[in-house]
Every structure is written in structure tokens, then in C-alpha cells.
Number of protein chains: 2
Amino acid sequence: MKVVIVGGVAGGASAAARLRRLNEDAEIILFEKGEYISYANCGLPYYIGEVIKEREKLVVQTPEGMSKRFNIDIRTSSEVTKINPDEKIVVVHDIKNDRTYTESYDKLILSPGAEPIKPPMPGIDSKNIFTLRNIPDTFRIKDYVDYNNPKKAVVVGGGFIGLEVAENLKEVGLDVTVVELADHVMAPLDYEMASIVHQHLRDKGINLILKDGVKEFQHKDNSTTVVLNSGKTIDTDMVVLGIGVRPDIRLAKDAGLEIGERGGIKVNEYMQTSNPDIYAVGDAIEVKDYINGSNTLIPLAGPANKQGRIAADNICGRKSKYDGTQGTSVAKIFDLTVAATGNNETILKRAGIDYEKVIIHPNSHASYYPDALPMTIKLIFKKDDGKILGAQIVGFDGVDKRIDVIATAIRANMTVYDLEELELSYAPPYSSAKDPVNMAGFAASNILRGDISVFHWDEIEKIDMSKSVILDVRTDMEYQLGNIKGSINIPVDELRENLDKIPKDKDIYVYCQVGLRGYIACRILMQNGFKSVKNLSGGYKIYETATS
Amino acid sequence: MKVVIVGGVAGGASAAARLRRLNEDAEIILFEKGEYISYANCGLPYYIGEVIKEREKLVVQTPEGMSKRFNIDIRTSSEVTKINPDEKIVVVHDIKNDRTYTESYDKLILSPGAEPIKPPMPGIDSKNIFTLRNIPDTFRIKDYVDYNNPKKAVVVGGGFIGLEVAENLKEVGLDVTVVELADHVMAPLDYEMASIVHQHLRDKGINLILKDGVKEFQHKDNSTTVVLNSGKTIDTDMVVLGIGVRPDIRLAKDAGLEIGERGGIKVNEYMQTSNPDIYAVGDAIEVKDYINGSNTLIPLAGPANKQGRIAADNICGRKSKYDGTQGTSVAKIFDLTVAATGNNETILKRAGIDYEKVIIHPNSHASYYPDALPMTIKLIFKKDDGKILGAQIVGFDGVDKRIDVIATAIRANMTVYDLEELELSYAPPYSSAKDPVNMAGFAASNILRGDISVFHWDEIEKIDMSKSVILDVRTDMEYQLGNIKGSINIPVDELRENLDKIPKDKDIYVYCQVGLRGYIACRILMQNGFKSVKNLSGGYKIYETATS
Ligand SMILES: Cc1cc2nc3c(=O)[nH]c(=O)nc-3n(C[C@H](O)[C@H](O)[C@H](O)COP(=O)(O)OP(=O)(O)OC[C@H]3O[C@@H](n4cnc5c(N)ncnc54)[C@H](O)[C@@H]3O)c2cc1C
Ligand SMILES: Cc1cc2nc3c(=O)[nH]c(=O)nc-3n(C[C@H](O)[C@H](O)[C@H](O)COP(=O)(O)OP(=O)(O)OC[C@H]3O[C@@H](n4cnc5c(N)ncnc54)[C@H](O)[C@@H]3O)c2cc1C
Ligand SMILES: CC(C)(COP(=O)(O)OP(=O)(O)OC[C@H]1O[C@@H](n2cnc3c(N)ncnc32)[C@H](O)[C@@H]1OP(=O)(O)O)[C@@H](O)C(=O)NCCC(=O)NCCS
Ligand SMILES: CC(C)(COP(=O)(O)OP(=O)(O)OC[C@H]1O[C@@H](n2cnc3c(N)ncnc32)[C@H](O)[C@@H]1OP(=O)(O)O)[C@@H](O)C(=O)NCCC(=O)NCCS
């Protein structure tokens, strides 16, 4: 059997290694148009910030190391320019020798990845405007910083790559502006969760511009002016585009392979394209959204690696299935960890799925043990059966742990009731006896069981004050320091004695700082004849962050 | 409804709070024989080590705070000395006023906890011999350290409480000896995993004595001699006993409630004792082992808290079930994190369950990003269907995350095949594209699919060298630095050219440093006509640690 692989990094190199482990006799040829294979795409921003200092570290395997270990014919600087599926050959351009030849295959695996989006925009082709995808891109940016000594940078796009680049440029001393077209950075997050990130970016000295896009770049001498849609201008020495990526489908399209509705190569659960001898994996393909079943693009390394392994399995005659991608992701944004799994509200609305949500702010570990820090968890779940649909977590410590637990729960089709029961590890340096994930399960289940009704921060401005009371149950001191307009204050610990101060015929909107005291207050009110009582999920804390 | 609760900490206080949230009208009386309620048992060792500096921090809720918020009648310094189930009354000793009275109940919840074991041993009753269960115990130890200025301490028992105390005494400058009767510390771990902890304790300057027990204590002046079963003696200034705990069943037994085979109060899944109006929770009860269904004692705070909540639910007419305890636990031992979930080999052997196991040593996060540190994961699973039975993890960073993911997978009845597919969050500071949990899933599934056979470190001495070859596939340098006696060395990357050096008619036992190269070597050999090929799970690394 002769297997040809296009692309030598996450999906391609993983497929090659697995193929060899399963089949010593196969002929395996791996084509990579760049000079490097098996490199650490995800580490690239950190080389720019000098967090990763050695160039060698960016490469996980060299062509020599990999061919020695796995007996693979690795051809770098070799671009596959065409597939001829009828003859089962690929056309290869040997870049160094500028020579073109063909290679036949029995099975072909495509893992060409995705390209950074670079919209046709006046002035975009300039030596101080960069995109970041591979090692040469990284060196270009790093060299520019080292030799041209720029003082200011503009990062266009507030996705995780954009923000990682922004952080790393800031860390090496540049003045950084981030321009994001949407109303919030980090698309996997909903607005209020992203607002925590906005605050942090600003605290760290990033100039963050939201709801504005770039119209053009004007260059003069060594300086560039970025002109935004709003008319606003920013002077800068360099620009990095992080607007997103587009599946690299050129070869596939040209070969007549089916392309999906979202613009990625279409594959079945065995990673087979519309041509059964051609497999495709990684950023170039469309996957099934594990939550809502729709087709989607989720360009992440974990899925790419796993799909590569699965393609290899199937080529070797094992029926190995890929069940879809749930979009579990994490990013370090300065001191924050930002993580998500499953669907957010935007996606659920688009898919027409009825959901409820809670926001809580538990500590990373027992509050009496040093360095406990709060995180914010948003859990989204189905209204009818409590099935977990998604989660977003932003905080400083222990965030990746909780998202991975919830990601596992989602994979197991668990409900919020199951989260209540999870038996997670507890000692003071690591968690609380009721782990934040249990706590999210409690808070969510309480809603579904009808023990509490909640309202959300963005509903406050719609409250009809003629029919309603907004009740702040925090302490007098907390109330004085800032409260929701029109609210009255009765601390929860004095509520039972002051029930007569609250009108029974009105809708009572209760809030506290994080949601816990509000919940207790609501329970008191509900059992004392108040008929319409709701608790602000996530409390004043999320309201304040989201509205400031 | 009138509910009486015995014990005001993890199980008792949680039950009280939940009861009130569910029922504003119930009369709730909470009896606690000590002065404090709702304290942080798990934080106590860290007060001794001055990691937690303020006394107030040890108390999560004061009687005043709790009764204000939850309208609960909290009576501290009040010991329940007797239950009369027929009359549904308890007898209470008001310690401060030395007065005894009775209190009736409709429903009674017992959460008296467990007592430290203090065997009747010559010399054990001495003012410099301590146990640690509650706040007064903690102050006694701390005061002794502060005012008597001891130089040396002996900790008897290498469970997590013993080791936490040992660490904290060491941190405040004492010379610490730990004496453990078994061949290894930390009973939830198997021997080879504990051997990593042994090494670390010794590196940190703890004098660790294994397989030896205390016979007696001899006191002279201000010094104590600890005499061991072996005849060995240790001079010390103080002793802390951490031999384990015993369910406090005095009240229950005296009231005729059923006691289980393991010596804990017997309850059903609703936390009801043999008397339907009496519930019991926490360290005092026997629980069902979630893995093997047997009755067991698992005295941990997470289960106690959850059981308290469930008892309250049931008392309020909700059918809330407790499904058993899987023993998920974690402890910080100096720089190490030691965690476990599910059954270990000892328990599985006792239960007669057929299992297989793998050991791997993945990095906490991407190796190219700073501060990646290896951890050791042992995964135990059923031979027939791959169901996960247990896991043990020892390492420096990211250990609690992986144990929680596996604990969740166990709760979801997942198999090792499911671990392969988990979509966990990845960015370089947090994990690898194939997370350690995926990796454990791969390694385990490969065994079950027959792609690899493994042998274990403790089988090496039983290998019949007349019929076998032990093949070290590491580099020449690694081999020179230490290898398994009788092994020959062919580096994996040179294996394909040297197959003729290995006899085809013998059993080939392959090993590398951690298991990965050994696996690749085995795959090469298996596909080249070698019939009996096995890989050392966990590699030379675990062999060396376990046998040194
Ligand atoms: C800066 C950056 C940071 C990232 N951080 C993270 C992160 O933290 N977490 C995460 O999960 N993901 C991250 N990603 C995404 C992750 O790297 C990708 O999802 C993953 O690498 C996709 O794997 P792939 O095999 O599909 O494509 P790639 O890894 O991009 O590999 C494709 C390769 O194919 C080659 N190629 C393309 N066309 C041809 C051709 N015709 N002939 C020969 N060779 C060809 C390309 O040169 C390229 O080397 C990051 C990406 C970038 C760029
Ligand atoms: C030093 C230490 C460290 C620990 N660390 C951890 C850890 O890191 N992680 C973990 O999960 N678990 C840990 N634990 C265990 C955890 O604290 C217990 O599992 C948990 O507290 C059990 O809850 P409980 O309600 O059953 O008993 P307890 O919390 O012990 O409460 C029982 C209370 O009942 C009172 N009482 C008993 N009898 C009577 C009576 N007749 N009348 C009135 N009052 C009575 C006692 O005074 C006591 O205050 C630790 C325990 C100790 C001692
Ligand atoms: C380097 C690279 C070629 C390695 O591919 P790989 O060999 O499949 O992956 P790993 O080195 O992680 O090893 C995984 C294999 O070793 C096995 N393994 C790992 N540790 C083991 C152990 N201790 N004992 C036994 N087997 C072990 C696994 O089971 C798996 O084998 P399988 O797929 O046959 O089941 C590929 O991952 C790569 O190119 N990575 C860099 C590019 C990249 O991913 N970029 C994006 C992220 S920055
Ligand atoms: C302090 C103590 C009395 C608190 O009990 P509790 O009120 O049940 O527990 P918590 O304060 O953790 O709050 C949990 C409750 O608040 C709810 N909650 C938490 N955060 C919330 C939020 N942001 N919004 C809404 N509800 C929230 C949970 O749903 C849960 O309520 P429920 O049980 O009715 O569903 C008890 O846990 C205790 O005594 N702890 C110390 C002793 C101990 O555990 N020791 C051993 C470990 S060191």
C-alpha cells in the first residue's frame, strides 16, 4: 500500500506516525511545502514574546528524526499542486530544484490546514503587515521587532491568535492596540464573559477598540496609519492580522472533491472525502458540531491530531469513527485563562435550541488556603432535560480543569443533575468540598427543579419599575459602593424580619454580589407568599462588568 | 417539622443549610459538642505550618453568622449523649453549664464524623503525643511547637493527614520522621506510584521508615523514645498520630441502629439508617464503593457535604439518591500532587475483578512551553470491555485536572476507548494536543485491541532468561547510565536494520525510558515475525523508582 500525505504538521504528521505503527510495510510519502514539519503552531506567538527562547523548541520533530523513527519518505519544500483522482496521482512542485513531478498513491490524506484571512484592502500588502501561521511567519515578525525596533503595533482581530500576539508584543515592550469588529473579543465567549477579558486587557495596557473594523492602511516613510470604518485613525509601526482563518481547499476543490456549506472539505465520519481513496483532516475540513449536529469549522490542534490518527486507522482497515467536534478551547490572555466548550448563546440561537443559563463565581480553591482566586463560570443547558450544551469559564487559576471536566461531561451526554453528583478531588490547595463544577450543577438544577427563577444582567433595563421591585440583599456597605439603579437594600441576614417592607403584589428582582445570597433571599421570599421572585444570575459582579 | 442534627461541620452544617433553603418553616436544631461549627478540617495541618496564618480563617461559618442567615438554633458545647428512637428524643449534655436535657425530633440527622485511631499502647497518653481532628487539636499542636520549641517530631502513619502534618512540621523547622506499617505511604496508591512519593519525601529531608510499626512510647524528662516493632528506636520531642480514623458510631450503636460490616453506620441510598426517621451522613457511615459495589469507609469532605445535602432533600420529601463513593482524592505532599480515583490494585484483587493497567509519564503541558513537568499516570481498566476502574496520578502540575477528568469519566461509566476521544482544552501553557488523559486512553486501548502486549516492572525478576531477551531500545547513552540487568541495547531508531541481532524464537521483553519508544519498537518487531513481544509499561523510569 502506498499512502501519500499532503501537509506535515498536526494532522499530517500524526497520520503518518500512526500509519507506520499500524503498518510496517506501507510506503508512506509526506509532502510539506514549507521547510519544517511537525512544528508547534500553537507555540509561535510565544517565540515572538521570548517566552519560548530557542528556535529549535518550535519544532517537535525534524524530517531526519521522523524518517528515522518511522521510516517515512519526508519531502519538504515540496508543494502538491494538483491531485488527479482518476489516475490516483498527485503533481508535486519541488521548490528548491524548481522541478515538477508526479507521484502515485493508493490512499491520499490531505492535511493542508487553513490560511490566515487577508482581505483585499488598500495598503494591506506591506512589509510591516504580517499574518502568523507557520515558522517563517514567526521569524519574520520577530526579526521585524528585533531589527526595526517598532514602538507601536496594531493587532487586527481579537480571536485567540490575535490576543496571544498582542500579549507577546506587549511583553516585549510595544504599545499595542487591538481592533475588533464585533462587540467582543474571543468569539467562543458570549458578551458578558468576554467583558471580563476586555477589562483585563485594558488593565494590562492594551488599547482595545471594539465594534470597529479596518478600512485601509496608509503608509508613509516607516510609519503606517490604520484607518478604521468609524473614520478613526491609529498610527503604528507594524500590524499583525488575526482576523481568522479559511480552510485551505484549493487542491480539494480543483480535484472536484465535495466542499461543504461552510467552505471546508466535506468528509464522512471516517474522514473520507467524496472520493473514498482521499481522506482529509484538520483545519481544512468541515466537522459536525457535537452539540447541535450542524456543519462547522473548528480549526484546533486537538481535533486535527485525532482526525489524523483516525484517518490512518481507516486506511489500515479499522473502522474508526470521528464523532464531531465540541470546540473545547483554552487560551492564556495575560494573567487570565479563558476557556470554553460546547455551544455559546449565539450558536444556540442560530440553531434554534431552547436553553437556560447560569453564571457563578466560585473560588479556584478553598478560600481559607492562600491564593484562592475567583473564576466566572457560565453554564448553558437544555431547558427540558438539563442536558449540558456549553460552558465558558474565565479566571486565573483552575479554569482549564473545570472546562475539561465539563467537556468530559458533555462527551458523556451528562445533564446538570449529573454535575451535582460528580465526585471531584478535594484538598484545600486544589478545590472546595463542593467543586465549582458541582456548584454550577447545583445552581442549574435548582432552576430546572423550579426552586429558583433567574433573570440575567441584560434584562435589567427592560424591567417595568411600575410593577417591580429590585431588591439588593447585600450589606449596606456593599450597596453604598454601587448598586443597580432603582434598587432597595435589605441585607439577606435581615430579610426575615423585614418582609413587610416588600410589596407582595409586585415582581421581585433580587440580586446580591455573586448570586448565592440572592438565591437564599429568593428561597425565603418564595416561601413567604411572594409569587414572582427572581434572582440575578451571576449577581452584581457580572452586571457591573458587562455594563461598564 | 422539627429536625435535630448531631454534628455541626461538613455533613451536619451542609444538611442544616440545605434544609432551611428547602423549608422556611422547619424547626432546625444543630448540636455540636465542640465550640466551633463549620470549620475547615482540611485546612488544619496548614495552620500548624503557618501557611494559613489567621485563626479566623479556619472557621467557614460562626454559630452567629449561620443562625442569622439560616435561622437555625445552633447549640455548641452541647453533646448528644443518647438517642431514644422510640420516643424520638435525644439526650443532650450542655457542657458549659453541665446540665442534661432532652430534645424531641421528627427527623434526626447524625453527622458525628470519625475519630482518630489511638491504639492502647504503652506510653501513648502523654502531653506530647497528639491526634488531629478539630480546631482545639490544632491549637494544641501549634502551641506545643511554639512554646515547647521541639526539635524533632515523629508522625505515625503515612496517610494523607500524616503526610500533611509531616510536611507542615518540617516547614516550621522540625526534624521529621514518618513511620508507616505498610510497605508504602498513601493507601489509595499502589506501591510503585507511592515509591515516587517516597523519593520526594526523602528528597525533602523527611526520615521515612516503612514496614515498621510503633510498639511503645517511653518518656523521660522532656524527651520521648518511640520503640518500633523491629526494635529500632527514635528519640523525639513530640509525636503526631495519623494512623487513620474510625467512624464515630457510639450514639448509633447505643440506639440500636444497624452497623455495617466495615464498622460504619448502615444507611440506604436515601441516607436513612435502619430507623427511617434517623439519617446519617459523612465519616460515620458506610458507603457503597462506586466501582465494585462493596461496602466501604471513605472519610472525605466532598462526600460528607453531598450526603448532608441529600439527607436534607429526602427529609423535605424529595427522593434524592446517593450513588456511592468512588474515592476521588488529592493531596499536596511538598511539591508533589498525589491524586487517585476509583479502585487500586489491592482493592480490585480483593474484589476479584480482572483488570489490566498502564503507566505513562506525559508532560503537564506542551514540552516546548516553559515549566512543563512530567507526571506519572496509572490507569486501571477492565480486561473485557475497557471500563475504567481507577486511576492514580503523581506529579507536580496538572495532576488534579487529570484525576478530575478521569473521575468524571468513571462517573459516566466510560471506557478507555472513550478517553481516546475526549476533547480536552489545549493551548501550550495548559496541555498538549493529545492530553495526558487521551494518551492514557490510547495506551490502554492499544493493549485491549491487541496492538501491544505489556509487562510490568514487578514481573522482571521472574523472567526466565534462558527463553527470553530483554531489549533496551533507548539510546546508547541512556543505556550506559543504567539499565535492566541482562538487557541488550538496540536504539529504536536503528531497530529495523538490526532485526537479525534478535532471536526470533525467544520471548522479547522490550523497554525504553517511559514506554513510548518501547511501544514503537514492539510494533516493528510484531510486524517482522517476532511472536512474543511485550513492552514494559511505564518504562525504565517506573522500574527504577519502584526498585530503588
Ligand atoms: C499562531 C497559532 C496559534 C495556535 N494556537 C493553538 C492553540 O493554542 N490550541 C489549538 O488547539 N490550536 C491552536 N492553533 C491551531 C492549530 O495549530 C491548528 O488547528 C492545527 O495545526 C491544524 O492542523 P493541520 O494539520 O490541519 O494544519 P497545519 O498544522 O497548519 O499544517 C498544514 C501544513 O500543510 C502544508 N501544506 C499546505 N498545503 C500544502 C500543499 N499543497 N503541499 C504541501 N504542503 C502543504 C502547510 O505548509 C502546513 O505546514 C494555533 C494556530 C496558530 C497559527
Ligand atoms: C486534618 C484533616 C485534614 C483533612 N483533609 C481533607 C482533605 O484535604 N480532603 C477531604 O476530602 N477530606 C479531608 N478531611 C476529612 C474531612 O474533614 C471529613 O471527611 C469531613 O469533615 C467529614 O464530615 P462529617 O460531617 O462526617 O464529620 P466532621 O466534619 O468531623 O464533623 C463532626 C462533628 O460532629 C461533632 N460531634 C461528634 N459527636 C457528637 C455528639 N455526640 N454531639 C454533638 N456533636 C458531636 C464533632 O465534634 C465534630 O465537630 C480531613 C480531615 C482532617 C481531620
Ligand atoms: C510529533 C508527531 C509526529 C507525533 O505523532 P505521534 O507519534 O502520533 O504522537 P505522540 O508522540 O504524541 O505519541 C502518541 C503515540 O504514542 C503512544 N504512547 C504515548 N506514550 C506512551 C507510553 N508511555 N507507552 C506506550 N505508548 C505510548 C500513544 O498510544 C500513541 O500511539 P497510537 O497513536 O498508536 O495509539 C505529531 O504529533 C506532530 O507532528 N506534532 C506537532 C505538530 C502539532 O501537533 N502542532 C499543533 C499543536 S502545537
Ligand atoms: C459553610 C456551610 C454551612 C455552607 O453550606 P451550604 O450553604 O450548603 O454551602 P455553600 O455555601 O457552598 O453554598 C451552596 C449553595 O449555594 C448555591 N449557590 C452557590 N453559588 C451560587 C450562585 N452563584 N448563585 C446561586 N446559587 C449558588 C448552591 O446551589 C447551593 O445551594 P443548594 O444546596 O440549595 O443547591 C458548610 O458547607 C460547611 O459547614 N462547610 C465547612 C465545613 C466543611 O465542609 N469541612 C470540610 C471541608 S474543609
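Residues numbered from 1 in each chain as written. Chains lettered and ligands numbered in written order. Predicted model: local features only at pLDDT ≥ 70, side-chain atom pairs only at ≥ 80, totals over all residues. Heavy atoms only, no water.

**Quick word on the interface of chain A and chain B**
Counting from both sides, the interface comprises 82 residues of chain A and, opposite them, 82 residues of chain B. Overall, the association of chain A and chain B removes approximately 7300 Å² of surface from exposure, summing both partners, and the carbon and sulfur fraction of that is 53%. Applying the counting rule to chain A against chain B returns 14 salt bridges. Here Glu-24 of chain A ties to Arg-496 of chain B by a salt bridge, and the two come within 2.9 Å at their closest N and O atoms. Our count for the chain A to chain B interface comes out at 30 residue pairs in polar contact (both at pLDDT 80 or more). Here the element with the most residues in the side of chain A that touches chain B is helix α10 (residues 399-411) of chain A; it accounts for nine residues. (Contact = heavy atoms within 4.5 Å. Buried area = accessible area lost by both parts, 1.4 Å probe. Salt bridge = Lys/Arg side-chain N within 4 Å of Asp/Glu carboxyl O. Polar contact = N/O pair within 3.5 Å; in protein donor to acceptor, adjacent residues only side chain to side chain. Helix = DSSP H or I, 4+ residues; strand = E, 2+ residues; numbered from the N terminus.)

**Focus: the pairing of strand β7 (residues 107-110) of chain A**
Residue and element names in this part refer to chain A. Two strands pair when backbone bridges link them, and strand β1 (residues 2-6) and β7 are joined in this way by four bridges, in the parallel orientation. By the bridge assignment, Val-6 is partnered in β7 with Leu-110. Judged from the three bridges that link them, β7 and strand β18 (residues 278-280) form a sheet pairing that is parallel. Considered in β18, the bridge of Leu-108 is made with Ile-278. (Pairing = 2+ DSSP bridges.)

**Quick word on the site of ligand 4**
The immediate surroundings of ligand 4 are formed by 31 residues, with Tyr-519 of chain A together with Arg-18, Arg-21, Ser-38 and Arg-309 of chain B found nearest. With respect to ligand 4, its neighbouring residues span chains A and B. In this structure, an oxygen atom belonging to ligand 4 sits 2.7 Å away from a side-chain N or O atom of Arg-21 of chain B. Tyr-39 of chain B places a polar main-chain atom, nitrogen or oxygen, 3.2 Å from a nitrogen atom of ligand 4. Protein burial of ligand 4: of its 970 Å² of free accessible surface, 89% is covered by the chains. At six residues, helix α1 (residues 10-22) of chain B tops the list of elements feeding residues into the shell around ligand 4. (Near = heavy atom within 4 Å. Areas by Shrake-Rupley, 256 points an atom, 1.4 Å probe, with all protein chains shown as cover.)

**Observations regarding unusual backbone geometry**
The phi torsion of most residues other than glycine is negative, and most of the peptide bonds are trans. Phi angles above zero are rare outside glycine, and Lys-88 of chain A is one such case at about 55°. Position of Lys-88 of chain A relative to the elements: it lies in the loop between β4 (78-84) and β5 (89-94). The phi torsion at Met-271 of chain B lies on the positive side, around 75°, for a residue other than glycine. Summarising the element assignment, Met-271 of chain B is placed in the loop between α7 (250-254) and β18 (278-280).

**Considering empty space enclosed by the protein**
Enumeration over the complete set of coordinates arrives at three cavities of 30 Å³ or more. Considered as a void within the structure, the largest cavity measures approximately 70 Å³ in volume. If you trace the largest cavity, you find it lined by Glu-423, Leu-424 and Tyr-426 of chain A together with Leu-300, Ala-301, Gly-302, Pro-303, Lys-306, Thr-328, Ser-329 and Val-330 of chain B. Contributions of two or more residues to the lining of the largest cavity are made by α8 (301-315) and β21 (329-333) of chain B. Considering every element that reaches the lining of the largest cavity, the biggest residue donor is α8 of chain B, with four residues. (1 Å grid on protein atoms, 1.4 Å probe; cavity = no way out; pocket = protein on both sides within 12 Å on 5 of 7 lines; lining within 4 Å. Points joined across faces, edges and corners; volume = space filled by probe spheres on them.)

**What to know about the pattern of salt bridges**
Enumeration according to the criterion identifies 72 salt bridges over all chains in this entry. Here Asp-493 of chain B and Arg-69 of chain A are joined by a salt bridge, their closest N and O atoms 2.9 Å apart. Of this pair, Asp-493 of chain B sits in the loop between β28 (488-489) and β29 (507-511) while Arg-69 of chain A sits in helix α3 (residues 63-70), on two different chains. Across the salt bridge formed by Glu-345 of chain A and Lys-378 of chain A, the nearest N and O atoms sit 2.5 Å from each other. Linking Glu-345 of chain A in helix α9 (residues 345-351) with Lys-378 of chain A in strand β24 (residues 376-382), this pair joins segments that are 33 residues apart in sequence. Residue class for Glu-345 of chain A comes out buried when judged on its relative accessible area of 8%. (Buried < 20%, exposed > 50% of the residue type's maximum accessible area, 1.4 Å probe, protein only.)

**Description of the environment of Ser-468 of chain B**
Residue and element names in this part refer to chain B. Counting through the fold element by element, Ser-468 comes out in strand β27 (residues 468-472). Assessed through its relative accessible area of 5%, Ser-468 is described here as buried. Spatially, the C-alpha atoms of Ser-468 and Tyr-509 are 7.2 Å apart, while their sequence positions differ by 41 residues. Beyond its immediate chain neighbours, meaning those up to four positions away, Ser-468 contacts Ile-463, Lys-506, Asp-507 and Tyr-509. A polar atom in the side chain of Ser-468 sits 2.7 Å from the backbone oxygen of Asp-464.

**Some points on the relation of the copies chain A and chain B**
Mapping chain A onto chain B calls for a rotation angle of 180° and an axial translation of 0.0 Å; the resulting RMSD is 0.0 Å. Taken together, the rotation angle and the small translation identify this as a two-fold axis. Interface overlap between copies is the fraction of interface residues in one copy that are interface residues in the other; for chain A against chain B it reaches 100%, indicating a shared surface. (Least-squares fit on C-alpha atoms with pLDDT ≥ 70 in both.)

**A closer look at the site of ligand 1**
Neighbouring ligand 1 are 33 residues; Gly-11, Glu-32, Ser-111 and Asp-283 of chain A together with Tyr-426 of chain B lie closest to it. Residues near ligand 1 are shared among chains A and B, making this a multi-chain site. With respect to ligand 1, the side chain of Tyr-39 of chain A contributes an N or O atom lying 2.9 Å from an oxygen atom. Contacts to ligand 1 include Asn-41 of chain A, whose side-chain N or O atom sits 3.1 Å from an oxygen atom. When the free accessible area of ligand 1 is taken as 990 Å², the share hidden by the protein chains comes to 96%. Broken down by secondary-structure element, the contributors of at least two residues to the shell around ligand 1 are α1 (10-22), β4, α5 (160-171) and α8 (301-315) of chain A.

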